[in-house]
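# Structural description and commentary
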Amino acid sequence: MTNIIDETSNIRVIEPSFEYLEEINGYEILKKLERCIRTCYKSENNITDNSAKRMVEMVIKSGHTSTLEHANISVKFITDRGVTHELVRHRHCGFSQESTRYCAYEKDKFGNKLTVVKPILLQKDSTQYGYWKSWMDVIAKQYFDFKKIFDVKNDLARGLLPNDLKTEICVTASLREWRSIFDLRCDKAAHPSIR
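Residues numbered from 1 in each chain as written. Predicted model: local features only at pLDDT ≥ 70, side-chain atom pairs only at ≥ 80, totals over all residues. Heavy atoms only, no water.

### Here we look at the sheet that holds strand 6 (residues 114–117)
Read from one edge of the open sheet, three strands run 1-2-6, paired in mixed fashion. Bordering the open sheet on either side are strand 1 (4–7) and strand 6, each of which pairs with just one other strand. On average, each strand axis in the sheet is inclined to that of its neighbour by 30°, with strand direction left out of account. The sheet contact formed by strand 2 (residues 11–14) and strand 6 spans four bridges and is parallel. Within the sheet, the bridge partner assigned to Val13 lies in strand 6 and is Val116. Across the sheet, helix 4 (residues 127–150) is in contact with strand 1, strand 2 and strand 6; its angle to strand 2 comes to roughly 135°. (Pairing = 2+ DSSP bridges. Helix = DSSP H or I, 4+ residues; strand = E, 2+ residues; numbered from the N terminus. Axes fitted to C-alpha atoms, helices over the stretch in contact; angles between N-to-C directions. Contact = heavy atoms within 4.5 Å.)

Here you go:
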């Protein structure tokens, strides 16, 4: 697991991260969008090596952003479950998320630990971070004990898991939807973790 910044016997603490799931070629995306846009005006004969950027800027400026739905980008986020609760509110996306119902965190492939994401608002050397980390350790121990002592399945035990639990989610959205996500989630009023 990458980005490990701290560990105890029950938890692993990481920083959030992301990766694009395919190479993003902005020039090719613009060319594809231009071909789609020019279909509306039947002006395909005006396509040149340099016309795509100008055409896409024009439709964005005019508010005709539905044409941006012709290009999709997929991103894999490694973040906390609180962030994903906000992401999945965007309805025009495809989502595939790590399942607390099917993942048995006490198994070797998870290092027999819960992995949690350090809250962005906490400094690693602060008293608050130490307090948070100790509670995450207690929660993890209770989660593992609950499953082992009472032979509880993931379906019931996951109720003990914290919002700071690490999760992986793949999100696919059109460029139009990514613009909407960025408008809402990068705003200064948005939670710092999703910004």
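From this point on, the discussion continues.
### Side note on the nonpolar core
With 22 residues, the main nonpolar core has Leu33, Phe77, Leu87, Val171, Leu175 and Trp178 as its most contacted residues. For this core, the secondary-structure elements that each account for two or more residues are helix 1 (26–41), helix 2 (51–62), strand 4 (72–80), helix 3 (81–87), strand 7 (166–174) and helix 6 (175–185). Each residue touching Leu33, except ones within four places of it in the same chain, is listed here: Val56, Thr67, Leu68, His70, Ala71 and Leu175. One finds Ile11, Phe110, Val116 and Tyr129 within the second-largest nonpolar core, a separate group that totals 18 residues. (Core = buried A, V, L, I, M, F, W, Y, C linked by side-chain atoms within 4.5 Å. Buried < 20%, exposed > 50% of the residue type's maximum accessible area, 1.4 Å probe, protein only.)

### Details of the sheet that holds strand 3 (residues 17–20)
Spatial strand order, 3-4-7-5: four strands in an open sheet with antiparallel pairing. The open sheet has two free edges, formed respectively by strand 3 and strand 5 (93–97), since each of these has just one partner strand. Taking the axes of each pair of neighbouring strands and ignoring which way they run, one obtains an average angle of 20° across the sheet. As paired elements, strand 4 and strand 7 share nine bridges and run antiparallel to each other. In the sheet register, Ile78 faces strand 7, and the bridge partner there is Glu168. This element, helix 6, spans strand 4, strand 5 and strand 7 of the sheet and lies at about 125° to strand 7.

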